[in-house]
Amino acid sequence: MVERLRQAGQMVRALTRTPAEATGLPDDVEVVGGDLTKPQTLAAALDGVSAVHLLGATGHDHAPLRTGPQIMAMAAEAGVRRLTVLSVGEEGELEQAVRDSGLEWTFVWPIDFMSNALGWAEVIRNKAEVREPYAHRRTASADETDVADVVATVLAGGGHAGRSLIVSGPEALTPADKVSAIAAATGREIRFTELTDDQARRQWRVEGWPEEGIEFMLHMWATVPETVARVTSAVEEVVGRPPRTFAQWVAAHADAFRP
């Protein structure tokens, strides 16, 4: 997303909890320290900023951000006019604070990221097999670069204020469909094996998953709503081109799945 904003001619400031580890960014990107869960650390990040992209979760555990009201108050005081939020897909404290902020806001909800398939990379490299339960579940996963393009376009050019944009790819695929696409892109034979709940539990325990994480994933996959398989027009509406396919995503990341 940083690169997309730079390409649009925008000056970019990147917020991180660990500025010393923020390597690899272009020299013209300003890196500042701060933590969304600690609003008192955000004053320097917001100073002089006209548009903000905000994450709706606090980190790797995907816990909802609880400091929305304080952040919105600071953003308004700093002169921020436009806001995009990478939403977790549910209405909560943050979403209500954004709606009440008086800013020009847009929620962006990716149904799922194609890059989540990288979680299979090691097992595909080593064993050429993916083993998971609930093989019938279908998701219209979005290429993460499409999501970045949507956010950057809204931040840089405005429009779509007051909307919740559900971002998808152009097709709904099962896990087996995705494995087949990876096999085609890498020229390898890769198996997909569907597990029962008990088989999944045993496998994930061996892999070191906590019990609550195992039960959460089984419940989530058993109750996948039909909405995650719906293909939307958000990418084409905002960016002006069709969303990228999973096959295109795999072609760009094929080396990750090769031994």
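Residues numbered from 1 in each chain as written. Predicted model: local features only at pLDDT ≥ 70, side-chain atom pairs only at ≥ 80, totals over all residues. Heavy atoms only, no water.

**What about the sheet that holds strand β3 (residues 51–55)?**
Quick reminder of the rule: Whether two strands pair comes down to DSSP finding at least two bridges between them. Strands here are runs of E lasting at least two residues and helices are runs of H or I lasting at least four, both read from the DSSP assignment and numbered beginning at the N terminus. To obtain each axis, a line is fitted to C-alpha atoms, and for helices this fit is confined to the stretch in contact; angles are then taken between N-to-C directions over 0 to 180 degrees. Throughout, a contact is declared for two residues whenever any of their heavy atoms are within 4.5 Å.
Sheet architecture is open: four strands sit in the order β3-β4-β5-β7, paired in parallel fashion. Two strands in the sheet have a free side with no partner beyond their single neighbour: β3 and β7 (163–167). Within this sheet the neighbouring strands show an average axis-to-axis angle of 20°, counted without direction. With five bridges connecting them, strand β5 (residues 104–110) and β7 associate as parallel partners. Directly across from phenylalanine 107, in β7, lies its bridge partner serine 164. Sheet strands touched by helix α6 (residues 144–157): β3, β4 (82–86), β5 and β7. Its angle to β4, the strand with the most contacts, is close to 165°.

**Some points on the packing of aromatic side chains**
To keep things clear, this is the line we draw: Note on aromatic pairs: the rings of Phe, Tyr and Trp (six-membered ring only in Trp) are paired at centre separations within 6.5 Å, and the planes decide the class, stacked below 30 degrees, edge-to-face beyond 60, tilted for the rest. Summary of the burial criterion: residues with accessible area below 20% of their type's maximum are buried, those above 50% are exposed, and those between are partly exposed, where the area comes from a 1.4 Å probe applied to protein chains only. To sit over a ring, a charge needs its Lys NZ or Arg CZ within 6 Å of the ring centre and within 35 degrees of the ring normal.
Counting across every chain of the model gives five aromatic pairs. On the basis of an interplanar angle of 70° and a centroid distance of 5.7 Å, the ring pair of tryptophan 204 and tryptophan 221 is categorised as edge-to-face. With tryptophan 204 in helix α8 (residues 197–206) and tryptophan 221 in helix α9 (residues 211–222), the pair connects residues that are 17 residues apart, well separated along the chain. Tryptophan 221 carries the same exposure label as tryptophan 204, and that label is buried. Centre to centre, the rings of phenylalanine 246 and tryptophan 249 are 5.6 Å apart; their planes meet at 20°, and the pair counts as stacked. Pair noted here: phenylalanine 246 and tryptophan 249 are both in helix α11 (residues 246–253), with a separation of three residues, about one helical turn. Assessed through its relative accessible area of 2%, phenylalanine 246 is described here as buried. Aromatic rings pair up to connect Trp204, Trp209 and Trp221 into one cluster. When the ring centre of tryptophan 221 is taken as origin, the NZ or CZ atom of arginine 137, which lies over that ring, is 3.8 Å away.

**Looking at the confidence of the model for the protein chain**
Where we set the bar: For every residue, the predictor assigns a confidence score, pLDDT, that lies between 0 and 100.
Here the protein chain shows a mean pLDDT of 93. Residues at 70 or above account for 99%. The secondary-structure element of the protein chain with the lowest mean pLDDT is helix α1 (residues 2–7), recorded at 89, while α11 shows the highest, at 98.

**Structural notes on the environment of lysine 178**
Mapped onto the elements, lysine 178 comes out in helix α7 (residues 175–186). Distance in space between the C-alpha atoms of lysine 178 and alanine 117 is 8.1 Å, their sequence separation being 61 residues. Discounting chain neighbours no more than four positions away, the residues touching lysine 178 are Asp112, Trp120, Thr139, Ser141, Leu173 and Phe246.

**Let's talk about α8**
Of all the residues in α8, the buried ones are Ala200, Arg201, Gln203 and Trp204. Looking at the buried positions of α8, the neighbouring elements they touch are β6 (129–133), β8 (191–195) and α9.

**Let's talk about the pairing of β4**
Sheet faces and side chains relate simply in a regular strand, where the side chains alternate between the two faces. Within β4, four of the five residues are buried, leaving the element largely enclosed by the surrounding structure. Bridge count for β3 against β4 is five bridges, and the pairing is parallel. By the bridge assignment, valine 52 is partnered in β4 with leucine 83. Note that β4 and β5 share five bridges and pair parallel. By the bridge assignment, leucine 86 is partnered in β5 with valine 108.

**Some points on the nonpolar core**
Here is the rule: Buried Ala, Val, Leu, Ile, Met, Phe, Trp, Tyr and Cys residues form a nonpolar core when they are joined through side-chain atoms within 4.5 Å.
Residues Leu54, Met72, Val80, Leu83, Val85 and Val98 are the most contacted members of the largest nonpolar core, which totals 19 residues. Ignoring any residue separated from it by four or fewer positions in sequence, one finds valine 80 in contact with Leu46, Val49, Ser50, Ala51, Val52, Ala75 and Leu103. If you look at the next biggest cluster of nonpolar residues, it comprises 17 residues, including Ala142, Ala152, Val167 and Val238.

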